[in-house]
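Structure assessment
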Amino acid sequence: MKKSTIWIITGVMGASLLTLLYLQFSYFRSVYDMRKEQFDQAVVRSLAQTAQDLEVYETQLRLDNALGYADSTGEDTIMRSAHPILPPKGSTLRDTIKHYLHRQEIIDQMLSVLYRPSDVPLDQRIDYKRMDRTLKAQLDRNGINLVYHIRVTTSDGREIFRCRDYDERGESDAYSQELFCNDPQPQVGLLYIHFPDQKQYLFYGVRFMIPAIIFTLVVIMLFSITIYTIFRQKRLSEIKNDFINNMTHEFKTPISTISLAAQMLSDPSVGKSEAMFKHLSGVISDETKRLRFQVEKVLQMSMFDKRAATFKKTEVAINALVADVVNTFRLKVESSGGSIRFAPDAEDDQVFVDEMHFTNVIFNLMDNAVKYKRDDTPLSLTLTTANKAGNFVLTIADNGIGIRREDLKKIFERFYRVHTGNRHDVKGFGLGLAYVKNVVTNLGGTIHAESEYGKGTTFIISLPTIKR
């Protein structure tokens, strides 16, 4: 599948999933807002009914006190059986007129009481127990069964009452209701109520939406992982194709050379002198070693993939090992016009390593320095050792073509070959640095590279020293 097609499918699927998630969040928000609005209306109705009950109760008491109907129960009513609305049967006209005149006096007295503001202080006008009992009943009637806290203030903000177990949580979302709002402003009170668990209560009502949103997020996450995997596999496929092409070229040259040498040995027209036999056998031997080396490199990486690589760790003096490798490699560097220098500054160089594998690591890094040297500058290869934080540190620095920053973090990946390194005279599988990384990691160490394009590269290997 083409990369453009994958991107189109990714865009359509991504947009669809994000739109679905947006719709779910919008619906969740709408349901939450609707539930909040219903809750607000229920609280406002309950507060209004409570305020009305307080006013009716106070008015009733004032009328009973004014008309002399108060009794010991406190459950008085305005109209008593002793004062019927209609005159008794058999009353004379005079008695009827007196009855109605008396009733009119009562009505006038009632009206004067109703329209006269109360001169009682606000904190003495309210029966707080009755108010709390009425408010709780009204909230229950409106379907709200939550813990609440109340307080009462005067119109100028002076607090005159607060419930015993008052909790300030949720006070910023408090509801208010005027008390005795028909009285003059100084006599007006304010009842405040808030619910500490209001948000949890509202959220609990829309909890059925949470699983749908979570599953959508999981689908988006899995979709992202799938797309990432697809692109990664496509990239690996391209890299493996490059690896096959490189391997074909790597094998083609030694096979052709061996084939040509074999033909010369079997060709009767070619003279078979001892020097010729020695030369042809040397060519065949060298090319066979070259083939075997490349095959071994592929097999080594295969063993690392299967976790089947075995390491025979022994106590090794790394300074001496590196010195031997440098001496062996010196001829190759100097034959290309370069120079090599080794500075063994590490005093503690005793490390547990697999000598064969670690020798291959050093050879690989120095061989890369030779392969990717600059054409206009003689190669300068420097190896140093040091002790840092209880570790043995080996540094291999060159002045070659360097590595670009975007390629630096990928150089230890299998089959990866830096584009600038694909020179006509340099072939490879892209396995050398992957092998180096695996060996160092399996030895319990670390390796990283520092490079500036056009100026050179430095590889730094850190291995734990033996604790005495």
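Refer to the structure printed above.
Small disclaimer: the values here were computed from a predicted structure and weren't measured.

Looking now at the overall build of the protein chain. When helices and strands are tallied, the protein chain shows 11 helices and 11 strands. In the protein chain, buried positions account for 36% of the 468 residues. Nonlocal contacts in the protein chain, meaning residues at least 24 apart in sequence, comprise 70% of its contacts between residues at least 6 apart. Taken as a whole, the protein chain presents about 28,200 Å² of accessible surface, with 56% of it coming from carbon and sulfur.

Moving on to the side chain of Q198. Topologically, Q198 is positioned in helix α5 (residues 198-205). Of the polar contacts made by the side chain of Q198, one reaches the side chain of Y175; its length is 3.2 Å.

Counting through the fold element by element, H149 comes out in strand β1 (residues 149-154). Among the polar contacts made by the side chain of H149, one reaches the main-chain carbonyl oxygen of D165 at a distance of 3.2 Å. For H149, the residues in contact, after removing those within four places along its chain, are C163, D165, Y166, D167, Y192, I193, H194 and P196.

Turning next to the packing of helix α9 (residues 355-371) against helix α11 (residues 432-442). Taken N-terminus to C-terminus, the directions of α9 and α11 make an angle of 145°; their axes are 10 Å apart at the nearest point. Considering only the axes of α9 and α11, their crossing is left-handed. Across the interface between the two elements, H357, F358, N360, V361, N364, L365 and N368 from α9 touch G432, L433, Y435, V436, V439 and V440 from α11. Split into classes, the residues belonging to the contact of α9 with α11 amount to eight nonpolar, five polar and no charged.

Here we take up the sheet that holds strand β8 (residues 380-388). One open sheet holds the five strands; their spatial order is β6-β8-β9-β11-β10, and the pairing between them is mixed. Because the sheet does not close on itself, it has two edges, and the strands there are β6 (339-344) and β10 (446-452). Put simply, the sheet's adjacent strands are angled 15° from each other on average, direction ignored. Pairing geometry for β6 and β8, over six bridges, is parallel. For I340, the partnering residue across the bridge sits in β8 and is L381.

Following the criterion strictly, the structure yields 11 salt bridges and no others. Across the salt bridge formed by R162 and E159, the nearest N and O atoms sit 3.2 Å from each other. Overall, R162 belongs to the partly exposed group, its relative accessible area being 36%. Among the residues examined, E159 registers a relative accessible area of 35% and is labelled partly exposed. With a shortest N-O distance of 3.6 Å, K371 and D367 are connected by a salt bridge. You can see K371 and its partner D367 sitting in helix α9, four residues apart, about one turn around the helix. Assessed through its relative accessible area of 29%, K371 is described here as partly exposed.

Quick look at the packing of aromatic side chains now. According to the stated counting rule, one finds nine aromatic pairs in the structure shown. Ring centres of F39 and Y175 lie 6.3 Å apart, and the angle between their planes is 55°; this geometry places the pair in the tilted category. You can see F39 sitting in helix α1 (residues 3-67) and its partner Y175 sitting in strand β3 (residues 175-179), a full 136 residues away along the chain. With respect to burial, F39 and Y175 carry one shared label: buried. Measuring from ring centre to ring centre gives 5.2 Å for F39 and F195, while their planes differ by 75°; the resulting arrangement is edge-to-face. Separated by 156 residues along the polypeptide, F39 in helix α1 and F195 in the loop between β4 (189-194) and α5 bring together distant segments of the chain.

As a further point, take the sheet that holds β1. As summarised here, the arrangement of the four strands in space is β2-β1-β4-β3, forming an open sheet in which the pairing is antiparallel. Lying at the two open borders of the sheet, with one neighbouring strand each, are β2 (159-162) and β3. Ignoring which end each strand starts from, the neighbouring axes of this sheet average 20° apart. Where β1 meets β2, three bridges bridge the pair, whose relative direction is antiparallel.

With that settled, consider the nonpolar core. Residues F358, I362, L365, M366, L383 and I461 are the most contacted members of the largest nonpolar core, which totals 40 residues. Among the secondary structure elements, those contributing two or more residues to this core are α8 (318-335), β7 (350-354), α9, β8, β9 (391-397), α11, β10 and β11 (456-464). Not counting residues within four places of it along the chain, the set of residues in contact with M366 comprises V325, F329, I340, L381, L383 and I396. Within the second largest apolar cluster, 39 residues are counted, among which are Y32, L135, I144 and C163.

Now for unusual backbone geometry. With a phi angle near 50°, A389 is a residue other than glycine that sits in the positive phi range. Within the secondary structure, A389 sits in the loop between β8 and β9.

To continue, consider the environment of E347. Relative to the helices and strands, E347 is located in the loop between β6 and β7. Considered as a pair, E347 and N387 are 40 residues apart in the sequence and their alpha carbons are 7.1 Å apart.

The subject of this paragraph is helix α4 (residues 128-141). With 14 residues, α4 should cover 20 Å at 1.5 Å per step; its first-to-last C-alpha distance of 20 Å lies within 8% of that length. Within the span of α4, buried status applies to Y128, R130, M131, T134, L135, Q138 and L139. What you see down the axis of α4 is that its buried residues fit within an arc of 165°, all on one side. Across α4 from its buried face, at more than 90 degrees, point the exposed residues K129 and R133. Phi for G143, located one or two positions after α4, is positive at around 85°.

In this structure, Y435 sits in helix α11. Residue class for Y435 comes out buried when judged on its relative accessible area of 1%. Between the C-alpha atom of Y435 and that of E413, which follows or precedes it by 22 residues, the distance is 9.3 Å.

Reading the values: the criteria
- Residues numbered from 1 in each chain as written.
- Predicted model: local features only at pLDDT ≥ 70, side-chain atom pairs only at ≥ 80, totals over all residues.
- Heavy atoms only, no water.
- Helix = DSSP H or I, 4+ residues; strand = E, 2+ residues; numbered from the N terminus.
- Buried < 20%, exposed > 50% of the residue type's maximum accessible area, 1.4 Å probe, protein only.
- Contact = heavy atoms within 4.5 Å.
- Areas by Shrake-Rupley, 256 points an atom, 1.4 Å probe, with all protein chains shown as cover.
- Polar contact = N/O pair within 3.5 Å; in protein donor to acceptor, adjacent residues only side chain to side chain.
- Axes fitted to C-alpha atoms, helices over the stretch in contact; angles between N-to-C directions.
- Left-handed = near helix turned anticlockwise from the far one by under 90°.
- Nonpolar A, V, L, I, M, F, W, Y, C, P; charged D, E, K, R; others polar.
- Pairing = 2+ DSSP bridges.
- Salt bridge = Lys/Arg side-chain N within 4 Å of Asp/Glu carboxyl O.
- Phe/Tyr/Trp six-rings, centres within 6.5 Å; stacked < 30°, edge-to-face > 60°.
- Core = buried A, V, L, I, M, F, W, Y, C linked by side-chain atoms within 4.5 Å.
- Expected span 1.5 Å × (residues − 1).
- Arc of directions from axis to C-beta.

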